[in-house]
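Residue-level structural notes
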Amino acid sequence: MTHQKNNRIAVFVDAENVTNWIKHGGVRILMEELNQFGQIIIRRAYGVWSKPNLAMHQAAINRSGFELIHCYHPVTGKNTADIQMTLDIIECAWQLPNITCFVLVTGDSDFTPVFRRLREMDKDVIGVGQHSTLSECVKTSCTRFIYTDDVINTLIGNEASPQESPPPQPLPNSTPTLTLAEADELVIAQLKASPTPVNASQIKTLLKQTAADFDEKHYGFKTFTDYLSANNAIEISKSGTVNFASLAKPAQPTETDKTIATAEAYKALLKKYNALPDNADTLKKIYKHAVTLKEICPDPAQFRTALFDLCHKADPKISKTTVNKAFSYFIVMGLVHTEKAKGGVDTVRVKKITLKDFLLKSDKLVIAKLLELGKTHALDLKAKEIKKLTLSTISKDNIKKLIGE
């Protein structure tokens, strides 16, 4: 759908199929986004509004300007809301030709023919629903598809405190279509093309249109907002509970900034961005245990638990938080993968490399992060000072080559 303010929009919500989305403020978030694209002419939400799980949300939906259409169920267990909603959509499309865009919020695959018919009538169609058979069937017939579970996951991720949130978990799947660098390029290009901040869910939709398997967990991020925030070229702002992204303004160096040219200053900056291991000796111990772990762990959470048990048994001083941080660091280093165990079951593993290569890989990761930070901070990178941070035997000459000194 284009950014034209003369768009006239009709929104239809099959409330009984998206109660969790409604519970997490999905209706309000959707309205805030649609208001950027045009005038919302029709707002209708369908369901048995006497049911407790819907009745509790009536006030909030009313505040968003929706007409509540009560649908009686003559047969227990039969949802007649989708039938009533379908009739109203087609009637609206025929009788009100000035409506240019239809927004259908549903989780019911019976709506697939409706999406196609609206497209045949040359209408813009936005589908809203969870990742499902429906979304895969209809998204090719949509101008855009918004995933309700992305909204819920983003909100849950925003509301949880750092102490409550588990560490990032990569998806135990095959290599994603997009590399992290390619995903970053697409996001930056979208932000450059927009004169105003872009809704985070809209950015994720673009990435999924490019690569259907896109998921921030592939790269070790818990939420999509975490993924965006980790890029120093991107600035995150909020409007209510909605996250918007824009290109970060270049940092203006100050007199204090110009003094960032010592190992201690580099170390403080790296720790600020969680890009430096807390304790090198402990990290090496945890890595040695990680590569020897032979338990079958279908997902990263189980692997972390098994790894902690192994580490804590060997050294009671090693905490679960330390193990989780180390595992996240292994993810960033590209050492976490899945392989087939006995019986053909997928299990998470940490790749075994020599300790020398492990330390060198860690040092190169730290240097790469310093180079990245140098784009937004006034850093004077000196090989002599960086050498003080390294864990491997990398020489100052090689560091000079890496930083272009």
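Residues numbered from 1 in each chain as written. Predicted model: local features only at pLDDT ≥ 70, side-chain atom pairs only at ≥ 80, totals over all residues. Heavy atoms only, no water.

1. Some thoughts on the confidence of the model for the protein chain
Averaged over every residue, the pLDDT of the protein chain is 79; residues scoring 70 or more account for 82%. When the elements of the protein chain are averaged for pLDDT, helix 8 (residues 148–159) gives the smallest value, 52, and strand 4 (residues 101–105) the largest, 92. A low-confidence stretch, residues 154–173 (pLDDT under 50), is modelled with 44 contacts involving residues beyond four sequence positions or located in other chains. A low-confidence stretch, residues 253–257 stays under pLDDT 50, and its non-local contacts, those more than four residues away or across chains, total 3 contacts. (pLDDT = per-residue confidence, 0-100. Helix = DSSP H or I, 4+ residues; strand = E, 2+ residues; numbered from the N terminus. Contact = heavy atoms within 4.5 Å.)

2. Looking at the sheet that holds strand 3 (residues 67–70)
Strand order across the open sheet formed by 6 strands is 3-2-1-4-5-6, with parallel pairing between neighbours. With one partner strand each, in any of the chains shown, strand 3 and strand 6 (144–147) form the two edges of the open sheet. Strand after strand, the sheet turns through a mean of 20° between neighbouring axes, direction not considered. Both strand 1 (residues 7–14) and strand 4 contribute to a ladder of 5 bridges, which runs parallel. What sits directly across from Ile-9, in strand 4, is Cys-101. Across the sheet, helix 5 (residues 81–95) touches strand 1, strand 2 (38–47), strand 3 and strand 4, and the angle it forms with strand 1 is around 165°. (Pairing = 2+ DSSP bridges. Axes fitted to C-alpha atoms, helices over the stretch in contact; angles between N-to-C directions.)

3. A few points about the environment of Ile-331
Along the chain, Ile-331 falls in helix 15 (residues 320–332). In this structure the C-alpha to C-alpha distance between Ile-331 and His-218, which are 113 residues apart in sequence, comes to 9.4 Å.

4. What to know about the sheet that holds strand 9 (residues 242–247)
The 3 strands lie next to each other as 7-9-8, forming an open sheet whose pairing is antiparallel. Every other strand in the sheet has two partners, leaving strand 7 (198–199) and strand 8 (234–239) as the edge strands with one partner each. Where strand 8 and strand 9 come together, 6 bridges link them in antiparallel fashion. Pairing of Ser-237 across the sheet is with Phe-244, part of strand 9. Running at roughly 85° to strand 9, helix 9 (residues 180–193) makes contact with strand 7, strand 8 and strand 9 of the sheet.

5. Side note on the nonpolar core
Judged by nonpolar contacts, the single largest core of 46 residues is most densely connected at Phe-330 and Val-350. Contributions of two or more residues to this core are made by helix 12 (263–272), helix 13 (280–292), helix 14 (300–314), helix 15, strand 11 (346–350), helix 16 (355–373), helix 17 (383–387) and helix 18 (396–403). Sequence-distant contacts of Val-350, defined by excluding residues within four places in its chain, comprise Tyr-287, Ala-290, Val-291, Phe-303, Phe-327, Phe-330, Leu-335, Val-336 and His-337. Ile-40, Leu-54, Cys-101 and Val-105 belong to the second-largest nonpolar core, a separate cluster that totals 23 residues. (Core = buried A, V, L, I, M, F, W, Y, C linked by side-chain atoms within 4.5 Å. Buried < 20%, exposed > 50% of the residue type's maximum accessible area, 1.4 Å probe, protein only.)

6. Quick notes on the packing of aromatic side chains
Overall, the coordinates contain 9 aromatic pairs when judged by the stated rule. Measuring from centroid to centroid gives 6.0 Å for Phe-214 and Tyr-227, while their planes differ by 65°, and the two rings are edge-to-face. Of this pair, Phe-214 sits in the loop between helix 10 (200–210) and helix 11 (224–229) while Tyr-227 sits in helix 11; the two residues are 13 residues apart in sequence, bridging distant segments of the chain. Neither residue differs from the other here; Phe-214 and Tyr-227 are each classed as buried. Considering the side-chain rings of Tyr-287 and Phe-330, the 5.7 Å spacing of their centres and the 70° angle between planes classify their relative orientation as edge-to-face. (Phe/Tyr/Trp six-rings, centres within 6.5 Å; stacked < 30°, edge-to-face > 60°.)

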